[in-house]
Amino acid sequence: MRQKINGLKSFLIFAGLTGLLVLIASLLPQTLLAEEKFKDTVEVTVYNDDLALIKDQRMLEIPAGNGRIAFNDVAARIDPTSVMFRPLTRTGLRVLEQNYEYDVVGSTRLFQKYIGQKIALTTTKGERIQGYLMGTEGGIILASKPNGGEVSVITGEIQSITFPDLPDGLVTRPTLVWLLHNPSKDAQQPVEVTYLTGGLSWKADYVATVNAGDDRVDLTGWVTLNNQCGVDYKNARLKLVAGDVNRVPDAQPKRAKDFLYNTLEESVADTGFKEESFIEYHLYKLGRPTTLQHNQTKQVELLSATSVAAKKRFIYEGAVNPKKVKVMLEFDNTEKNNLGIPLPKGRIRVQKADSDNSLQFIGEDRIDHTPTDEKVRIYLGNAFDIVGERIRTQVVNVSERSREESYRITLRNHKKEAVTITAIESMRGWPEWKITKADKKYKTTEASMAEFTVDIPPSGETVINYTVRYKW
């Protein structure tokens, strides 16, 4: 019995201490508890076309009552109408007024601000001249009095110019300024600031290496990020959105292009990009923080796939280019084919090893956003040893609303091996059409096209004749 009583006392003492700790914790300010866990973070979501969403979380010193707070290190191309200020604790913090100050200090702006005010010059000979600034055209014009008096134009070599103070309204960098109402006595409070900005964009670039048999491809994808927004984002959580996001055009002027320098980010396999569906777009999250510096182009590996089954195709579109035969490379974007990843639009470069096992560039193309289980087609260029010829041989007006046209397509193969060519005839623009005669097999497509696929022996040729009737 005594052991049970002692155990009960111990439990009550423990419960009392626990309750006391809970009570003390509840009495502590929320920001004091949050401050121990809170760390300044920034999340950058970049879209394809000169747009980014910035989510910046910081601990700010906010005075009680009404007071102004400056929020530095924001993008120079920020959209001020998109700014959202959100306190991360329930202290009743409110935004009464918001200003975006972007009148950045510079020599021209200083002269404009100091018209009619006193400044001092020092010449290269060490002479110090003071006066009231009247203007800067043709030299620096100084007057002995604010409204005139003796006027001097200094055109010699000037070593330095001294201004008494930084004028009101000029800032050293773009700054968001809020008038806040803080009913709490807690000065330090974590907040989140979200805004849209231009000057940040990304694109996808791919490199495809074709094997000797032209039936397998190793594919590597890179993300190229371009930061010209006017600020660095250090250790940012990076997300990319692929898709055609609708935007309403505005009248915000574009800044002149800055000079760029390239850096190649080392790829880390287990912390690379992870893809997920996001509404009607695709979101790619980088599994590690990265720094996006202003005036920087950064590359990060997006994907890597090996031994992707591919096929080389020859396509002849005589109505578009009567003599040339296109060389295409095709592969399926499927998991079974070692891919199955939604591919963001971008440029794809293709290379192949020559007889010395040296990789050579053999063509490039642009692909659109390509979902999984779709086909990727890459136009490499035109075949050297395969030529075509397309001639309209006959035109017959069948009636007032119909006509027949006959064509002869000649395809010549000067290679030492046989080739398969697909001749595509487009019937677009006609309300109704039908092939009435053909000496080769063909298939029609939903895009109002007829496709003739023929085999041509080495150093041989094949002729296709067909007649089509149009109705309107």
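These remarks concern the structure in this document. Every value quoted in this text rests on a predicted model; they were computed, and no experiment measured them. (Residues numbered from 1 in each chain as written. Predicted model: local features only at pLDDT ≥ 70, side-chain atom pairs only at ≥ 80, totals over all residues. Heavy atoms only, no water.)

Considerations on the sheet that holds strand β3 (residues 65-71)
At step 1: With antiparallel pairing, 3 strands are arranged side by side in an open sheet as β3-β11-β5. Whereas interior strands pair on both sides, the edge strands pair on one side only; in this sheet they are β3 and β5 (94-101). Each neighbouring strand pair of the sheet contributes to a mean axis angle of 15 degrees, computed without reference to strand direction.
At step 2: Where β3 and strand β11 (residues 175-182) come together, 7 bridges link them in antiparallel fashion. Bridge pairing links N66 to H181 in β11. (Pairing = 2+ DSSP bridges. Helix = DSSP H or I, 4+ residues; strand = E, 2+ residues; numbered from the N terminus. Axes fitted to C-alpha atoms, helices over the stretch in contact; angles between N-to-C directions.)

Here we look at the pairing of strand β22 (residues 346-353)
At step 1: Sheet topology note: the strand β13 (residues 200-210)/β22 ladder contains 7 bridges and is parallel. Bridging across to β22, D205 finds its partner in R347.
At step 2: Where β22 lies against strand β23 (residues 359-367), 8 bridges are found, and the strand directions are antiparallel. Note on β23: the bridge partner recorded for R349 is E364.

Things to note about the sheet that holds strand β7 (residues 128-135)
At step 1: The strand order across the open sheet built from 5 strands is β9-β8-β7-β6-β10, with neighbouring strands paired in antiparallel fashion. Of all strands in the sheet, those with a lone pairing partner are β9 (148-154) and β10 (158-162), marking the two edges. Recorded for the sheet is a direction-independent mean angle of 45 degrees between the axes of neighbouring strands.
At step 2: Here 3 bridges tie β7 to strand β8 (residues 140-145), and the two strands are oriented antiparallel to one another.

Notes on the pattern of salt bridges
At step 1: Tallying each qualifying case throughout the model produces 20 salt bridges.
At step 2: Measuring nitrogen to oxygen at the nearest pair gives 3.8 Å for the salt bridge that ties R237 to E43. Here E43 lies in strand β1 (residues 41-46) and R237 lies in strand β15 (residues 233-242), a separation of 194 residues in the sequence.
At step 3: E43 sits in the buried class, given a relative accessible area of 11%.
At step 4: Between K326 and E317 there is a salt bridge, with the nearest N and O atoms lying 2.9 Å from each other.
At step 5: Judged by its relative accessible area of 22%, E317 is partly exposed.
At step 6: Shared partners join several salt bridges into a network, and the residues in it are E43, R237 and K239. (Salt bridge = Lys/Arg side-chain N within 4 Å of Asp/Glu carboxyl O. Buried < 20%, exposed > 50% of the residue type's maximum accessible area, 1.4 Å probe, protein only.)

A short note on unusual backbone geometry
At step 1: Located in the positive-phi region is D214, a residue other than glycine, with phi close to 60 degrees.
At step 2: Here D214 shows up in the loop between β13 and β14 (216-227).
At step 3: The exposure class of D214 is buried, given its relative accessible area of 17%.

Remarks on the environment of K185
At step 1: As for its position among the elements, K185 is in the loop between β11 and β12 (188-197).
At step 2: Linking K185 and I62, residues 123 residues apart in sequence, is a C-alpha distance of 9.3 Å.

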